[in-house]
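# Understanding the architecture of this molecule
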Number of protein chains: 2
Amino acid sequence: MDHTVKAFDEDLGSLAQDVARLGLLATGEIADAIVALVNRDATLAQAVVDRDRKLDTLELEIEERAVRLVALRQPVAIDLRRALAAMKMAANLERCGDLAKNVAKRTLAIGDIAPPASLIAPIEQMGRLVLDRLETALAAYATDDLIRVREVWTRDGEVDAAYEGVFRALLADMMGDPRLISSGAHLLFVAKNLERIGDHATNIAEVVHYAITGEQLTERPKLAAGA
Amino acid sequence: MDHTVKAFDEDLGSLAQDVARLGLLATGEIADAIVALVNRDATLAQAVVDRDRKLDTLELEIEERAVRLVALRQPVAIDLRRALAAMKMAANLERCGDLAKNVAKRTLAIGDIAPPASLIAPIEQMGRLVLDRLETALAAYATDDLIRVREVWTRDGEVDAAYEGVFRALLADMMGDPRLISSGAHLLFVAKNLERIGDHATNIAEVVHYAITGEQLTERPKLAAGA
């Protein structure tokens, strides 16, 4: 292996390590945002909000290093795809952090008007589901695992179905008891944010698939990307 | 001017033209999505949904060409920043198209339960505001206009204030008349989608600023990026 190739592989490996680190930060934010919501823990919710800056900084670092790598070493084929994948992974993970931060902000906004546990439980369940998807997508990235990629990608509809169920249940509760309208509205956005984290897990599966194979995963399970 | 430099400039110019084209498609989608909502025009709403694929395709094209340009011609400094800016512009504009599509889908979901004009008017106003911001940001990109960049960037808070007003007004209407809860919930998301289009206009201003000056716009007017 010549010197240049080795240096490139080392740079790429260290980039992938930083992506994994950002992945851990993002999944930690999501897990804590869910716990803060369920336990009505304002201190933890505020910690989630405060920590988000770390993710923003790390994303910028990864992006800059990936761009420098492409510009200086002019990789082609799979090496180019891997460098660009690191950038895209970072962008998706930073957005997941933003969404977790938003869930935490909603928890703070709901404040002391405790919504009934019957409203929170399905949202917690949905949160666990999207967290599992994101962790599987990150594991697929770390181990070049196309089977896990497919698993995340084909099961994208489950998160949407969970979201639809939560949306309908929240509306029914709000109609049944108008005092729940204000906290219910915040919970609608919490559910939407979780659904969008699920979309990012799907995006990450697509990024990993393209990096490994050079082929786009087509026939997207759904057309909308979580708008 | 040597041959390589000229070829690079031509490639970059043609990339910027495609970004402008994508910008026109995105602003057209947003404008039509607002009109469809206000006029309860299901045909127009469906057209907005159907046209979104064109934006997705054009974004992928721009991204592929920008990557090829960087990999083949190894630009540095401002040329590298401009090539990367085209990619980021495209990503932001494609997301704006997704958000417009989602507004159109909400219009279709609300269906025949016409929400009162008093609920729709402030949302229409907010839609015009974010459309104006996005158009200004696109004009700044097309003309390298740092004054317009600053204008979009510093006035970011106005969209947030409009959104907060709409959010509160919708909740009050839903509490006052529970029959409005279902359409009100969809309108909450319409308002949120419009706010996020405003965030993309701010992001675009930042991308243009960095492409022209090489400096990041710091002291973001706000920390959240529209989660």
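Here is what the cut-offs are and how they apply
- Residues numbered from 1 in each chain as written.
- Chains lettered and ligands numbered in written order.
- Predicted model: local features only at pLDDT ≥ 70, side-chain atom pairs only at ≥ 80, totals over all residues.
- Heavy atoms only, no water.
- Contact = heavy atoms within 4.5 Å.
- Buried area = accessible area lost by both parts, 1.4 Å probe.
- Salt bridge = Lys/Arg side-chain N within 4 Å of Asp/Glu carboxyl O.
- Polar contact = N/O pair within 3.5 Å; in protein donor to acceptor, adjacent residues only side chain to side chain.
- Helix = DSSP H or I, 4+ residues; strand = E, 2+ residues; numbered from the N terminus.
- Nonpolar A, V, L, I, M, F, W, Y, C, P; charged D, E, K, R; others polar.
- Buried < 20%, exposed > 50% of the residue type's maximum accessible area, 1.4 Å probe, protein only.
- Least-squares fit on C-alpha atoms with pLDDT ≥ 70 in both.
- 1 Å grid on protein atoms, 1.4 Å probe; cavity = no way out; pocket = protein on both sides within 12 Å on 5 of 7 lines; lining within 4 Å.
- Points joined across faces, edges and corners; volume = space filled by probe spheres on them.
- Core = buried A, V, L, I, M, F, W, Y, C linked by side-chain atoms within 4.5 Å.

Every contact between the two is made by 38 residues of chain A and, on the other side, 38 residues of chain B. Of the roughly 3100 Å² buried between chain A and chain B on both sides combined, carbon and sulfur atoms contribute 67%. Counting across the chain A and chain B interface gives two salt bridges. Among the salt bridges present, the one from Glu63(A) reaches Lys88(B), with a minimum N-O distance of 2.6 Å. Inspection of the region where chain A meets chain B yields three residue pairs in polar contact (both at pLDDT 80 or more). Secondary structure elements with two or more residues in the side of chain A that touches chain B: helix H2 (42–73), helix H3 (77–110), helix H6 (156–176) and helix H7 (181–213) of chain A. With ten residues, H3(A) is the largest single contributor of residues to the side of chain A that touches chain B. Split into classes, the residues belonging to the side of chain A that touches chain B amount to 21 nonpolar, seven polar and ten charged.

If you check the backbone angles, Asp144(A) has positive phi at about 50° while not being a glycine. Along the chain, Asp144(A) falls in the loop between helix H4 (117–143) and helix H5 (146–154). By relative accessible area, Asp144(A) is classed as partly exposed at 36%. Non-glycine residue Ala77(B) carries a positive phi angle of around 50°. When you line up the elements, Ala77(B) lands in helix H3 (residues 77–110).

Time to look at the relation of the copies chain A and chain B. Overlaying chain A with chain B gives an RMSD of 0.0 Å, the required rotation being 180° about an axis along which the chain moves by 0.0 Å. Taken together, these values place the two copies in the relation of a two-fold axis. Looking at the interface residues of chain A, 100% of them are also at the interface in chain B, so both copies use one shared face.

Across all of its chains, the model carries three cavities of 30 Å³ or more by this definition. Around the second largest cavity, the lining residues are Val67(A), Val70(A), Leu80(A), Leu84(A), Met87(A), Ala66(B), Val67(B), Val70(B), Leu84(B) and Met87(B). Elements with a contribution of two residues or more to the lining of the second largest cavity: H2 and H3 of chain A together with helix H2 (42–73) and H3 of chain B. Split into classes, the residues belonging to the lining of the second largest cavity amount to ten nonpolar, no polar and no charged.

What follows concerns the nonpolar core. With 153 residues, the main nonpolar core has Leu134(A), Leu187(A), Leu188(A), Leu134(B), Leu187(B) and Leu188(B) as its most contacted residues. Here this core takes 16 residues from helix H7 (residues 181–213) of chain B, the largest share from any one element. Each residue touching Leu188(A), except ones within four places of it in the same chain, is listed here: Tyr163(A), Phe167(A), Leu170(A), Leu171(A), Met174(A), Ala185(B), Leu188(B) and Phe189(B).

What follows is about the environment of Ile110(B). Residue and element names in this part refer to chain B. On the secondary structure map, Ile110 appears in helix H3. In the structure, Ile110 is positioned 33 residues away from Ala77 in sequence and 49 Å away in space, judged by C-alpha atoms. Among all residues touching Ile110, those that are not within four sequence positions of it are Arg40, Pro115, Ser183, His186 and Leu187.

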